[in-house]
Amino acid sequence: MITMDDIIREGNPTLRAVAKEVAFPLTEEEIELGHQMIEFLKNSQDPEKAKELHLRGGVGLAAPQLDISKRIIAVHVPSLDPEKTEPSLSTVMVNPKILSHSVQEACLGEGEGCLSVDREVPGYVVRAARITVTYYDLAGEKHKLRLKNYEAIVVQHEIDHLNGIMFYDHIDQANPLHLKDGVLVIE
Ligand code: N9Y
Ligand code: NI
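Now for a description of the structure that goes with this document. The model shown is predicted, which means the values in this text are computed figures rather than measured ones.

So, how was this worked out
- The residue count restarts for each chain, going from 1 along the sequence in the order it is written.
- A letter from A marks each chain and a number from 1 marks each ligand, given out in the order of writing.
- Only residues with pLDDT of 70 or above have their local features reported here, since the model is predicted, and side-chain atom pairs are shown and tallied only from 80 upward, although totals for entire chains, interfaces and linings are computed over all residues.
- Each side-chain value is derived from all of the structure's non-hydrogen atoms; neither hydrogens nor water enter the calculation.
- Nearness of a residue to a molecule or strand requires only that one of the residue's heavy atoms be within 4 Å of it.
- Polar contact is the term for a pair of N or O atoms within 3.5 Å; when the atoms are in protein, one must be able to donate a hydrogen and the other to accept it, and sequence-neighboring residues count only if both atoms are side-chain atoms.
- Here a helix means four or more residues in a row that DSSP labels H or I, a strand means two or more in a row labelled E, and each is numbered from the N terminus.
- The classification used treats Ala, Val, Leu, Ile, Met, Phe, Trp, Tyr, Cys and Pro as nonpolar, Asp, Glu, Lys and Arg as charged, and all other residues, Gly among them, as polar.
- Only residues above 30% relative accessible area that lack a salt bridge enter a patch, with like-charged residues linked at up to 9 Å and the nonpolar side chains Val, Leu, Ile, Met, Phe, Trp and Tyr linked at up to 5 Å.
- Working definition of accessibility: Shrake-Rupley area with a 1.4 Å probe, residue cover restricted to the visible protein chains.
- Salt bridges are defined as contacts in which a side-chain nitrogen from Lys or Arg sits within 4 Å of a carboxyl oxygen from Asp or Glu.
- Positive residues here are Lys and Arg, negative ones are Asp and Glu, while His and the chain termini are left out of the count.
- Here the site of a charge means NZ on Lys, CZ on Arg, CG on Asp, or CD on Glu.
- Using a 1.4 Å probe on the protein chains alone, a residue whose accessible area is under 20% of its type maximum counts as buried, one over 50% counts as exposed, and one in between counts as partly exposed.

**Re the site of ligand 1**
Lining the immediate environment of ligand 1, one finds 16 residues, of which Val59, Gln65, Leu115, Glu158 and His161 sit closest. Glutamine 65 places a side-chain nitrogen or oxygen 2.9 Å from an oxygen atom of ligand 1. For ligand 1, an oxygen atom lies 2.9 Å from a polar atom in the backbone of leucine 115. Top contributing element to the shell around ligand 1 by residue count: helix 3 (residues 149-162), with five residues. Taken together, the residues of the shell around ligand 1 sort by class into six nonpolar, seven polar and three charged.

Here it is as structure tokens:
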């Protein structure tokens, strides 16, 4: 089981490395890793389990955060509608690739954090509002997915980890809370 002790923190060079593409067929170990990553996210969002395991709630996780420099990410985004039990997006993506992105930009009104960053970093993290992403699932099937708003932001944050990019790299150093006109703010 993955816990916070498995997650490396800023300063570890793996977070700044470009992760390696994964070859198919996946190894048993890579498939197990994918399952464990989703399990971690689910546990982290379950109030009881998060408490007993001391997990910080997360919606995404990238293999490099586990000190594994491979292009594997997991996202588990709960539905905003509390009536719905199915998450709005829950998947492991192997070798994800952004095929195209909107000109329209967006950011989270709250800014971003990261499970590998144990401090608050204020500032808007401006990203594409919509992306089209291709990826392989754990069965080796290829998928093409269009994502917008929050889901698009989460997947971009995770793909950044595969390229050694941290969320604060996108924050305007001189003026962290300045927002250009036309940037969609997701609340
Ligand atoms: C985990 C990050 C990924 C998200 C940050 C912004 C977009 C993707 C993460 C630190 C603490 C909060 C937590 C979070 C959350 C949100 C909604 C519902 C439930 C992956 N990471 N967080 N960042 N939690 N939980 O670093 O999930 O947003 O690379
Ligand atoms: Ni992160």
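**Thoughts on a positive patch on the surface**
On the surface, Lys97, Lys142, Lys144 and Arg146 cluster together to form a positively charged patch. Top contributing element to the positive patch by residue count: strand 7 (residues 142-148), with three residues. Mapped onto the fold, lysine 142 is located in strand 7. The exposed category is assigned to lysine 142, whose relative accessible area is 54%.

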